[in-house]
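# Fold and geometry: a report
Given next are the chains, with one letter for each unit.
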Amino acid sequence: MKLRCVNCKREYSTEEIVYTCKACGSVLEVVLDIDSIELSREDLRKRPFNLWRYREFMPIKGDSIVTLNEGGTPLYNAKRLAEEIGVKELYIKNEGANPTGSFKDRGMTVGVTKALELNAKAVGCASTGNTSASLAAYAAKAGIKCYVLLPAGKIALGKLAQAILHGAKVIGIKGNFDVALKLIREASERFNIYLLNSVNPFRLEGQKSEAFEIVDQLNFEVPDRVVVPMGNCGNISAIWKGFKEFKEAGLIDELPMMTGIQASGASPVVKAFKKGKKEIEPEENPETIATAIRIGKPVNAPKALKALYESNGYAESVSDEEIIEAQKLLARREGIGVEPASATSIAGLKKLVEQGVVDKDERIVCVVTGHALKDPEIVFKAYEKPVEIEPDIKELSKYL
Ligand code: F0G
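The present account deals with the structure reproduced in this document. (Residues numbered from 1 in each chain as written. Predicted model: local features only at pLDDT ≥ 70, side-chain atom pairs only at ≥ 80, totals over all residues. Heavy atoms only, no water.)

### Section: the packing of aromatic side chains
The condition is simple: Only rings of Phe, Tyr and Trp enter the pairing, Trp through its six-membered ring, and a pair is recorded when the two centres are within 6.5 Å. The plane angle decides the type: under 30 degrees is stacked, over 60 is edge-to-face, the rest tilted. Secondary structure elements follow DSSP: runs of H or I no shorter than four residues count as helices, runs of E no shorter than two count as strands, and numbering proceeds from the N terminus. Remark: exposure states derive from per-residue accessible area (1.4 Å probe, protein chains only) relative to the maximum for the residue type, with buried under 20%, exposed over 50%, and partly exposed in between.
For the coordinates displayed, the defined rule picks out nine aromatic pairs. When the ring of Y54 is compared with that of F212, the centres are 5.3 Å apart and the planes differ by 55°; the resulting orientation is tilted. Of this pair, Y54 sits in the loop between helix 1 (41-45) and strand 4 (75-77) while F212 sits in helix 8 (residues 209-217); the two residues are 158 residues apart in sequence, bridging distant segments of the chain. For the residue pair Y54 and F212, the accessibility class agrees, reading buried in each case. Here F220 and F246 contribute two aromatic rings whose centre-to-centre distance is 6.5 Å and whose plane-to-plane angle is 20°, an arrangement assigned as stacked. Residue F220 is located in the loop between helix 8 and strand 10 (225-229), and its partner F246 is located in helix 9 (residues 234-248); the two are separated by 26 residues in the primary sequence. Accessibility expressed as a relative area gives 1% for F246, which makes it buried. Among the aromatic residues, those joined into a cluster by ring pairs are Y54, F57, F212, F220 and F246.

Structure representation (structure tokens):
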């Protein structure tokens, strides 16, 4: 097991605390010895269905794991939504079903376990909300200090409440996520705080389990396409890595087309993809109703673009109106409540089907990343208001 720069390929030990390449500044990835993993589909099936079913693929040596029983989330066959969008087979991977209500828990079980292995006394992150909620919970479980930097006034209520509830030191920053991330990166070096943003390669190792579970749940058949919301772009990169490792281990034969969706007000990766570029032009003032992905300088953009190109995938952006419309569709056709950022995968798929980019015969998985209760305020802002009446049957009958 080692760390390797995705750009210049320089290698580092996994015992060293290093987040980006000292030579070229690019992001790092964990490289595992996949050949040494001997696992059959049957072996896997005998184990409980959660992230740690895939233990051999996780870069953790010891047995003391910080876990809240993350992963094992439902994959729904969304027949009503498929019909509405006009595709044959559509599945929803509902990451809102994780312990703190988002996919971030997959990264944090590995990341915080690694923090303990490295003897860290404190962990920290910048966040648009979910990362901080998750880190706060896992740090509480591990018994270590937690510092979170949040763009002041731009965090959905549920997420902020979680970070406070679990006892993190919550610090609002007068600036956006990109500014907060720059600051915590500097602080992590100066004050010996183990950084658990997705620039930390160990976190993505946990998140790659989304790919493992998807194929496991589809009886080891690989979907044609996996659609993922993109913010800081760790998740799409992690999922792609997961598919590739399962193929390398001989557990699957094919790979899906990775399709990343951003909000149009924060879409540097989509713009770069459409121009065929390998690097993004950062956006200084990202803006979207989907606050979770209100990010203009995604640190994992190089990995995400690689995933899109390598997998023969696609990238698209969606407007705030399209996001709310998709959130409503998913909630009202399938009974799945998600926060706005999560609905981008649905909105993006709908758009790509309309554009003819996605074939109607494809087998598609949309990843939805966070629970609706993370951001209850958006419902009161963007949806119809409940009525209030006198407790009288005549009054009531007007509405029935
Ligand atoms: N969906 C939700 C609900 C998120 O919270 C995030 C990221 C994403 C999608 C995008 O994932 O960054 O891996 O591309 N939230 C981070 C946070 C930035 O701080 O909670 P990504």
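Anyway, onward from the coordinates.
### What about unusual backbone geometry?
Even without being glycine, N69 reaches a positive phi, approximately 65°. Within the secondary structure, N69 is located in the loop between helix 1 and strand 4. Positive phi outside glycine occurs at N219, with the angle close to 55°. Here N219 falls in the exposed class, since its relative accessible area comes to 55%.

### Topic: the site of the ligand
Let me state the cut-off plainly: What makes a residue near a molecule or strand is one non-hydrogen atom of that residue sitting within 4 Å of it. Polar contact is defined as a pair of N or O atoms within 3.5 Å, subject to the rule that within protein one atom must be able to donate a hydrogen and the other to accept it, and that residues adjacent in sequence are counted only when both atoms are side-chain atoms. The Shrake-Rupley method, run with a 1.4 Å probe, gives the accessible areas here. Residue values count only the displayed protein chains as cover.
Around the ligand, the surrounding shell holds 20 residues, and the nearest of these are S127, G231, N232, C233 and T369. The contact in question runs from an oxygen atom of the ligand to an N or O atom on the side chain of N130, over 2.8 Å. Summarising the interface, the protein chains cover 99% of the accessible area of the ligand, which totals 470 Å² for the free molecule. Counting only elements with at least two residues in the shell around the ligand, the list comes to helix 4 (130-142), helix 9 and helix 13 (340-354).

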